[in-house]
Amino acid sequence: MNSVSITGFGIICAIGNDAAAVLSSLQEQRTGIAPMRYLDSIHKGKLPVGEVKLSNEEMKGMLGLDENAIVSRTVLMGAIAIRQALNLNDQTTKRPNDSIKGKRIVVISGTTVGGMDITERYFQQMQEGDALLPLIEKHAPGSSTREMACLAGLKDAEVCTVSTACSSAVNAIILGSEMLRNDEADIVIAGGTEALSRFHLNGFGSLMLLDGECCRPFDKTRAGLNLGEGAAFVVLQKNSSSSSGEAGRGLYIRGYANRCDAFHQTASSENGEGAYLAMSEALQMAGLKPQDIQYINAHGTGTPNNDSSESAAIRRVFREHIPPVSSTKGFTGHATSASGAIETVICILALQHNFLPVNLGWKEQDEACITPFKNSKLINSWMSLAPRRDCSRGTKFKISGSEKEFKISNILCNSFGFGGNDSALVISQEPSDFAQNMPVEVEVLADERISDVEQLSDYREFISPGEARRMTRLMKAAIITSLKALRHAGIESPDAIITATAYGMLETSEKFLIDMLENGEETLSPTLFMQSTHNTLSSAIAIRTNCHGYNITYSQGKDSLDWALRDARRLIASGKAKTVLVGCHDEATPTFQSLFSRMGKPIPPALTSRSIVLTHNPHNS
């Protein structure tokens, strides 16, 4: 049987530095949210966060690194989680075991922050002197993925970085599963890593999304999220019958979907359209009905908008068959791009040990939200809805009138990001068979480019003057080339949007960073932060074209476009999309160009934007 099996996993987060510690915290209901300790911020000791309970120096020691080495916390946590997933628990064991030698190995990481913790700490010094100039190369997410793969002994592995804000890690797992299904890899290590930084802590603060108390997902009094950090990775292999890994104990990636809400850059639609589509398609792929799911690990951030929108989507999908639902962010905080991988591993632990994580902090019902799983009384209520179901002590289940244990077999894990990048994953104890995609010939319907800022002057055909005033030049360029390409191809809305960007929204990120460094952390622009994530362009184009289909952003340096085109071809071959809009958009500010010039490195161009429309060419297949 062809299936994608989980043969290993690793995790480090606020409630534990490995899977055993995380399991203990979940079962004993110990939160990891506490006053800030390690991040150097004016909010230290005030805002509750979900920090990993290790200093950078301690993590460097765990990896056998010099304590004076300048390494991003994002990289350190990611390398630790990958080593755990590969059972490299001793720092003296530098390389994976012989069983993976000669295999085609791919490391896929979801991250948005990347090396921002390094950039914000040394940015002013990089501008003033040359000694620390090379640190700017640690800024991009793709650099983080390459570095942590090397630290985990995988320097020859192919690496890829997915950056779709808070759904990044689940999209990395989806990509890894697709690569295995199509025989593009033998082993995939997929997940995500994200360190707390002042940049995104204060960014979320500027949007008024942070709670000064411990978060309360789905509660009527919920007031926002607590940011967290951490890393988690799963080892994926095809054909469970030939995979001997014990960590997953017969667990499988059974279904998944990536869809776009196409509603707003930071808010979710009232009816949760993107989430509804993602969950529905994931169940369909898994060959499961709503009543086959025993537990939903919700995205559940604790913000008023997310929790009501997600609840609406869950009600639309499951109707009278809503299983126990909980958000585990009351344990870990919201680890943004890494959250989906952390919660995937939590789901794996729930399946292995047949227990349900509770929804910490919930007390008061909100009619706009589902009632989350909090204790055994709630599971009794749920079990009573179906005939012959009953609950034994705690969260261990038995079918009434027999000694047969009620077994958790299928879990749905939700992960939603800014820009409406909504993804869902079904993890199961039973495999599902799949057929490998047949190669197809892909035809280019249109290819539009902008390589000079002066080409933006004639924007009025696609962008109103009012809109233009609020847009960066990269946003203008991406929209112009995208809409031109679609018009040339005779398409109003593509089936999927795939974006490649090496550095993302540098102009807005630099403005936000400089404002924070020069004027402090308390009066920052929410508009700049909203337009700083790497998936800003992809989601803006989806909103513009009303595209609710597959939506993903790759950020792997010069290889970003290649990853995007590979994904587009794979998507078309699978029949999931007939037309795909692929974009490659990057910019470089004068400051960024100056840093590269002083290093003697090629100077990135001020602006490049290319949009391609691809489709299936049946005549040459």
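Residues numbered from 1 in each chain as written. Predicted model: local features only at pLDDT ≥ 70, side-chain atom pairs only at ≥ 80, totals over all residues. Heavy atoms only, no water.

(A) Inspection of the overall build of the protein at higher detail. Counting its regular elements, the protein contains 19 helices and 20 strands. Within the protein, the proportion of its 621 residues that are buried is 62%. Put simply, the protein shows about 23,100 Å² of open surface, and 48% of that area lies on carbon and sulfur atoms. Of note, the protein has its 60 positive side-chain charges centred 4 Å away from the centre of its 68 negative side-chain charges. (Helix = DSSP H or I, 4+ residues; strand = E, 2+ residues; numbered from the N terminus. Buried < 20%, exposed > 50% of the residue type's maximum accessible area, 1.4 Å probe, protein only. Areas by Shrake-Rupley, 256 points an atom, 1.4 Å probe, with all protein chains shown as cover. Lys, Arg positive; Asp, Glu negative; His and termini not counted. Charge placed at Lys NZ, Arg CZ, Asp CG, Glu CD.)

(B) Main features of the pattern of salt bridges. Inspection of every chain in the model, using the stated rule, returns 30 salt bridges. With its nearest N and O atoms 2.7 Å apart, the salt bridge here joins Arg-570 to Glu-184. Taken together, the positions of Arg-570 in helix H18 (residues 560–574) and Glu-184 in the loop between helix H6 (168–181) and strand S6 (187–194) put the pair 386 residues apart, joining distant regions of the chain. Salt bridges linked by common partners bring Glu-158, Glu-184, Asp-562, Arg-566, Asp-567 and Arg-570 together as one network. (Salt bridge = Lys/Arg side-chain N within 4 Å of Asp/Glu carboxyl O.)

(C) Spatial organisation of the environment of Lys-407. With respect to the helices and strands, the residue Lys-407 is situated in the loop between strand S13 (405–406) and strand S14 (410–417). Residue contacts for Lys-407: discarding those within four places in its chain leaves Gln-294, Asn-354 and Gln-429. Within the local environment of Lys-407, its side chain forms a polar contact with the side chain of Gln-429, the two groups lying 2.9 Å apart. (Contact = heavy atoms within 4.5 Å. Polar contact = N/O pair within 3.5 Å; in protein donor to acceptor, adjacent residues only side chain to side chain.)

(D) Local environment of helix H14 (residues 473–489). Look at H14: 24 Å from first C-alpha to last across 17 residues, which is about the 24 Å you get at 1.5 Å a residue. Judged by how many residues are buried, H14 sits mostly within the fold: 13 of 17 residues are covered. (Expected span 1.5 Å × (residues − 1).)

(E) Structural context of the packing of helix H4 (residues 116–128) against helix H19 (residues 590–599). Interaxial distance between H4 and H19 falls to 10 Å at its minimum, and their mutual angle equals 60°. Regarding the angle of H4 to H19, the classification is oblique. Both H4 and H19 take part in a crossing whose hand is left-handed. Where H4 approaches H19, its residues Phe-123, Met-126, Gln-127 and Glu-128 are matched on the opposing element by Thr-591, Leu-595 and Arg-598. Tallied by class, residues from the contact of H4 with H19 come to three nonpolar, two polar and two charged. (Axes fitted to C-alpha atoms, helices over the stretch in contact; angles between N-to-C directions. Parallel < 35°, antiparallel > 145°, perpendicular 65-115°, else oblique. Left-handed = near helix turned anticlockwise from the far one by under 90°. Nonpolar A, V, L, I, M, F, W, Y, C, P; charged D, E, K, R; others polar.)

(F) Inspection of the side chain of Thr-499 at higher detail. Tracing the chain through its elements places Thr-499 in strand S17 (residues 496–500). Side chain to side chain, Thr-499 and Ser-538 meet in a polar contact 3.1 Å long. Non-local contacts of Thr-499, meaning those with residues more than four positions away in its chain, are made with Ser-538, Ile-552, Thr-553, Tyr-554, Gly-583 and His-585.

(G) Just the nonpolar core, in detail. Of all hydrophobic cores here, the largest spans 75 residues; its most connected members are Ile-108 and Tyr-554. If we ignore the near neighbours within four places in the chain, the residues touching Tyr-554 are Cys-160, Thr-161, Val-162, Leu-175, Ile-498, Thr-499, Ala-500, Thr-501, Ser-560, Trp-563, Ala-564 and Asp-567. (Core = buried A, V, L, I, M, F, W, Y, C linked by side-chain atoms within 4.5 Å.)

(H) Main features of the packing of H14 against helix H17 (residues 536–545). One way to put it is that H14 packs onto H17 with a least axis distance of 10 Å and a crossing angle of 45°. The angle between the axes of H14 and H17 places the two elements in the oblique class. The interaxial crossing formed by H14 with H17 has right-handed handedness. Within the contact between the two elements, H14 uses Leu-474, Met-475, Ala-478, Ile-479, Ser-482, Leu-483 and Leu-486 and H17 uses Thr-536, Leu-537, Ala-540, Ile-541, Arg-544 and Thr-545. For the contact of H14 with H17, a count of residues per class yields nine nonpolar, three polar and one charged.

(I) Seen up close, the packing of aromatic side chains. Tallied over the entire structure, the rule returns ten aromatic pairs. Ring centres of Phe-199 and Phe-529 lie 6.1 Å apart, and the angle between their planes is 55°; on these two criteria the pair is classed as tilted. Placement of the pair is Phe-199 in helix H7 (residues 198–206) and Phe-529 in helix H16 (residues 526–530), with a sequence separation of 330 residues. Each member of the pair, Phe-199 as well as Phe-529, is classed as buried. Judged by centre distance (4.9 Å) and plane angle (50°), the rings of Phe-592 and Phe-596 are tilted. Of this pair, Phe-592 and Phe-596 both sit in helix H19, four residues apart, roughly one helical turn. Here the two residues Phe-592 and Phe-596 agree in accessibility, since each one is buried. Positioned over the ring face of Tyr-38 is Arg-73, at 5.3 Å from the centre of the ring. (Phe/Tyr/Trp six-rings, centres within 6.5 Å; stacked < 30°, edge-to-face > 60°. Lys NZ or Arg CZ within 6 Å of the ring centre and 35° of its normal.)

(J) Quick look at the confidence of the model for the protein. Taken residue by residue, the protein gives an average pLDDT of 91. The fraction at 70 or more is 91%. Residue range residues 240–245 is modelled with pLDDT below 50. Its contacts to residues more than four positions away, or to other chains, number eight contacts. Note on residues 384–404: pLDDT is under 50 here. Beyond four places in sequence and across chains, it has 39 contacts. (pLDDT = per-residue confidence, 0-100.)

(K) Quick look at the side chain of Ser-25. Within the fold, Ser-25 resides in helix H1 (residues 19–27). Judged by its relative accessible area of 5%, Ser-25 falls in the buried class. Beyond its immediate stretch of four places on either side in the chain, Ser-25 contacts Ile-15, Arg-30 and Phe-331.

(L) Molecular detail of a negative patch on the surface. Together, Glu-57, Glu-58, Asp-66 and Glu-67 give the surface a local cluster of negative charge. With respect to the element layout, Asp-66 can be found in the loop between helix H2 (56–62) and helix H3 (73–85). (Patch = residues over 30% accessible without salt bridge, like charges linked within 9 Å, V, L, I, M, F, W, Y side chains within 5 Å.)

(M) Up close: the environment of Ile-174. Here Ile-174 shows up in helix H6. C-alpha separation for the pair Ile-174 and Ser-197, spaced 23 residues apart in sequence, amounts to 27 Å. Setting aside residues up to four positions removed in sequence, Ile-174 forms contacts with Tyr-256, Ala-257, Ser-423, Ala-424 and Leu-425.

(N) Representation of the pairing of S6 within the structure. Along S6, eight of the eight residues are buried, which leaves the element largely enclosed by surrounding structure. The alternating pattern of S6 places Ile-187, Ile-189, Gly-191 and Thr-193 on one face and Val-188, Ala-190, Gly-192 and Glu-194 on the opposite face, and all of these are buried. Note: strand S4 (residues 105–110) against S6, six bridges, orientation parallel. Pairing of Ser-109 across the sheet is with Gly-191, part of S6. (Pairing = 2+ DSSP bridges.)

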